[in-house]
Amino acid sequence: MTVSPQAIDAIAEVVGRGHVVTDPAMTAGNCTDWTGRFVGQTPAVVRPGSTGEVAAVLEVCNRHRIAVVPQGGNTGLVGGGVPLAGEVVLSLARLNHLGVVDAVQPAVTVGSGVTLATLHSHAAASGLAYGVDLAARDSATIGGTIATNAGGLRVIRWGDTRAQLLGIEAVLADGRVVSHLGGLVKDNTGYDLAGLLCGSEGTLAVVTAARVRLVPRHSHRTVALVGFADVGTAVQSALRWTTAIGGVEAVEFVTGAGVDLVCDAQAIPLPLPARWAAYILVEAAADTDPTDAMAAVITATPGVGDVAVGRTAGERSRLWTYREGHTEAINRVGLPHKLDVTLPHAALAGFINDVPSAVEHVAPNARTWLFGHVGDGNVHVNVTGADPDDNSVDDAVLRLVAARHGSISAEHGIGTAKKQWLSLNRSPAELSVFAAIKSALDPEGILNPNVLLGG
Ligand code: 2HG
Ligand code: ZN
């Protein structure tokens, strides 16, 4: 896509020349996704410093029909936040204002460029917490997590990002600002714009701020990492623990092969005395120590092997490393195909068992890595050793998911990586509603036009 020098000048007049970066050496990081699988190019990375500047930039882009990719921390994994077709990148990183925490009706308004880690610290300073957490917390932004309706580690306790939203401020494609940040818990005054924009992947509007609910910050927290000799028993036990363990916040699954990989990447020892085929990590938090009640449930579960328990922050983070280290460790093996999927609970163990052979059938030299938020049915299928442009692996896995009544995107979104399979989950009638909403809000089609439905 070519952008005229006049349009770049008009944008620079809004944000200041120093906030329009055109040098390819400087924009390369904005043009490559976290995995390195999706690489594009851009005529400019534009860094507005206020909602008003976002509005003025979009007004220029809409008038000149310039396609725009909104970008937060660039931690997305489906090629939805990078300019694969030469779009202008609209970085929201400078919208990083932190509002005053309301501790009476626990909530706060924050700019879309605030990182998750910063929001966690901000809430903690008022004795509260933000319910969404994920491994990329240091870079992932609130705007990006809203755009993708990010899930993460604590969905079983607090819900996904959409469940945290009490209000939103966003800029439409033509520069109009929609703002509804009052934050009332009950507010039935028409369409739920926050709910609509959440998960819309930057295709309907650019989120500039949000009012999010905050949750209690519990004084006691315990993590257990439990070994199992077989995957099926691990998964069935994990699903039971989501209701049997009081104060449960996270129930995560990793395999023996995945733990070996993390140990190798980080030069750390195995977490338990023996090596197990599968591991479940469970975390519980409460105002009284949850450890004994949690241990009682775990030890009464048939098939449980070794158990390690972490109560201090250091012990807990040591155990989490074996789970959170997966994404980086897998990237060291090779560029992964990432297939983030959910299965109905009854189909979960069978899917985990069957997916490696479905991959092997189409890509005999590929390797399948499985881990994820098993407590809510979400498995991160990662495949290395397949050509980055060869979609046969994606096709095989996503068709298996759909055949078993699962979702082809649990929490990462559709982006560009999965758009050709959207019809596995969405009917023609649903897709026509999506298209109608898109053309009503963005008639010129400038907002992230190549993701979800576009391209
Ligand atoms: C996680 O749960 C993230 O760690 C990344 O969603 C998953 O790397 C992945 O496939
Ligand atoms: Zn995840």
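Computed from a predicted structure; not experimentally measured. (Residues numbered from 1 in each chain as written. Chains lettered and ligands numbered in written order. Predicted model: local features only at pLDDT ≥ 70, side-chain atom pairs only at ≥ 80, totals over all residues. Heavy atoms only, no water.)

*Asks:* Talk me through the coordination of the zinc ion (ligand 2); I want residue IDs and the actual numbers.
*Replies:* Within the protein, His 373 (NE2), His 380 (NE2) and Glu 411 (OE) serve as the donor atoms for the zinc ion (ligand 2), at 1.9 to 2.1 Å. Written as a sequence motif, the donor arrangement for the zinc ion (ligand 2) is H-x6-H-x30-E. Of this pair, His 380 sits in strand β17 (residues 378–384) while Glu 411 is found in the loop between α14 (392–403) and α15 (428–441), placing the two residues 31 residues apart along the sequence. Here His 380 and Glu 411 have matching classes, each one buried. (Donors = N, O, S within 2.8 Å, 3.2 Å for Na, K, Ca; no water. Helix = DSSP H or I, 4+ residues; strand = E, 2+ residues; numbered from the N terminus. Buried < 20%, exposed > 50% of the residue type's maximum accessible area, 1.4 Å probe, protein only.)

*Asks:* Residue-level account of the domain arrangement of the protein, with values.
*Replies:* The domains assigned to the protein are domain 1 (5–91), domain 2 (107–216), domain 3 (220–326) and domain 4 (334–429). Distance between the C-alpha centres of domain 1 and domain 4: 30 Å. Taken residue by residue, the interface counts 9 residues in domain 1 and 13 residues in domain 4. Summing both sides of the interface, domain 1 and domain 4 together bury roughly 900 Å²; the carbon and sulfur share of this comes to 62%. The three residues of domain 1 that bury the most area against domain 4 are Arg 37, Leu 77 and Val 78, which together make up 70% of that side's buried surface. In this structure, the connection of domain 1 to domain 4 is made through 1 salt bridge. (Domains from an automatic or database assignment. Contact = heavy atoms within 4.5 Å. Buried area = accessible area lost by both parts, 1.4 Å probe. Salt bridge = Lys/Arg side-chain N within 4 Å of Asp/Glu carboxyl O.)

*Asks:* Report on the sheet that holds strand β7 (residues 165–171), specifying residues and quantitative values.
*Replies:* Here we have 4 strands laid out as an open sheet, ordered β5-β9-β7-β8, and antiparallel in their pairing. In this open sheet, the two edge strands, each paired with only one partner strand, are β5 (107–111) and β8 (177–180). Across this sheet, the average inter-strand angle for adjacent strands is 15 degrees, counted without regard to direction. In this sheet, β8 lies alongside β7 in antiparallel orientation, the contact comprising 4 bridges. Within the sheet, the bridge partner assigned to Ala 170 lies in β8 and is Val 178. Along the sheet, helix α3 (residues 51–64) contacts β7, β8 and β9 (206–213); its crossing angle with β7, the most-contacted strand, is approximately 45 degrees. (Pairing = 2+ DSSP bridges. Axes fitted to C-alpha atoms, helices over the stretch in contact; angles between N-to-C directions.)

*Asks:* Give me helix α8 (residues 231–244): which residues, what numbers.
*Replies:* Here α8 is 14 residues long and its end C-alpha atoms lie 20 Å apart, about the 20 Å a rise of 1.5 Å per residue gives. If you check the start of α8, you find a side-chain oxygen 3.3 Å away from the backbone N of Gly 232, and it comes from Asp 230. (Expected span 1.5 Å × (residues − 1). Polar contact = N/O pair within 3.5 Å; in protein donor to acceptor, adjacent residues only side chain to side chain.)

*Asks:* Lay out the packing of aromatic side chains in plain terms, naming residues and giving numbers.
*Replies:* Per the counting criterion, the structure on display carries 1 aromatic pair. Here Phe 228 and Trp 241 contribute two aromatic rings whose centre-to-centre distance is 6.0 Å and whose plane-to-plane angle is 45 degrees, an arrangement assigned as tilted. Here Phe 228, found in strand β11 (residues 220–228), pairs with Trp 241, found in helix α8; they are 13 residues apart in sequence, far enough to count as distant. A residue is classified by how much of its surface remains accessible, and Phe 228, at 0% relative accessible area, is buried. By relative accessible area, Trp 241 is classed as buried at 1%. A cation over an aromatic ring shows up here: Arg 367 above the ring of Trp 369, its NZ or CZ 4.3 Å from the ring centre. (Phe/Tyr/Trp six-rings, centres within 6.5 Å; stacked < 30°, edge-to-face > 60°. Lys NZ or Arg CZ within 6 Å of the ring centre and 35° of its normal.)

*Asks:* So what's going on with the side chain of Asn 62? Which residues, and what values?
*Replies:* Along the chain, the position of Asn 62 falls in helix α3. Filtering out sequence-adjacent residues up to four positions away, Asn 62 remains in contact with Ala 173, Asp 174, Glu 444 and Ile 446.

*Asks:* Please set out the site of ligand 1 residue by residue, giving values where relevant.
*Replies:* In the region of ligand 1, the neighbouring residues are Leu 77, Arg 323, Thr 327, Lys 338, Phe 371, His 373, His 380, Asn 382, Glu 411 and His 412. Thr 327 is positioned such that a nitrogen or oxygen atom in its side chain is 2.7 Å from an oxygen atom of ligand 1. One of the side-chain N or O atoms of Glu 411 is found 3.1 Å from an oxygen atom in ligand 1. Among the residues making up the shell around ligand 1, the classes are represented as 2 nonpolar, 5 polar and 3 charged. (Near = heavy atom within 4 Å. Nonpolar A, V, L, I, M, F, W, Y, C, P; charged D, E, K, R; others polar.)

*Asks:* How would you summarise the packing of helix α9 (residues 256–266) against helix α12 (residues 326–333) if you had to cite specific residues and measurements?
*Replies:* Packing of α9 against α12 brings their axes to within 9 Å, and their N-to-C directions diverge by 80 degrees. For the element pair α9 / α12, the angle class is roughly perpendicular. Residues Gly 258, Val 259, Leu 261, Val 262, Asp 264 and Ala 265 of α9 lie in contact with α12, whose contacting residues are His 326, Ala 329, Ile 330, Arg 332 and Val 333. Residues that form the contact of α9 with α12 fall into these classes: 7 nonpolar, 2 polar and 2 charged. (Parallel < 35°, antiparallel > 145°, perpendicular 65-115°, else oblique.)

*Asks:* Give a description of the sheet that holds strand β1 (residues 20–21) that names residues and reports values.
*Replies:* Here we have 4 strands laid out as an open sheet, ordered β1-β2-β4-β3, and mixed in their pairing. Here the strands that pair on one side only, and so sit at the sheet edges, are β1 and β3 (68–71). Pairing of β1 with strand β2 (residues 45–46), which is carried by 2 bridges, proceeds in the antiparallel orientation. The residue of β2 that forms the bridge with Val 20 is Val 46.

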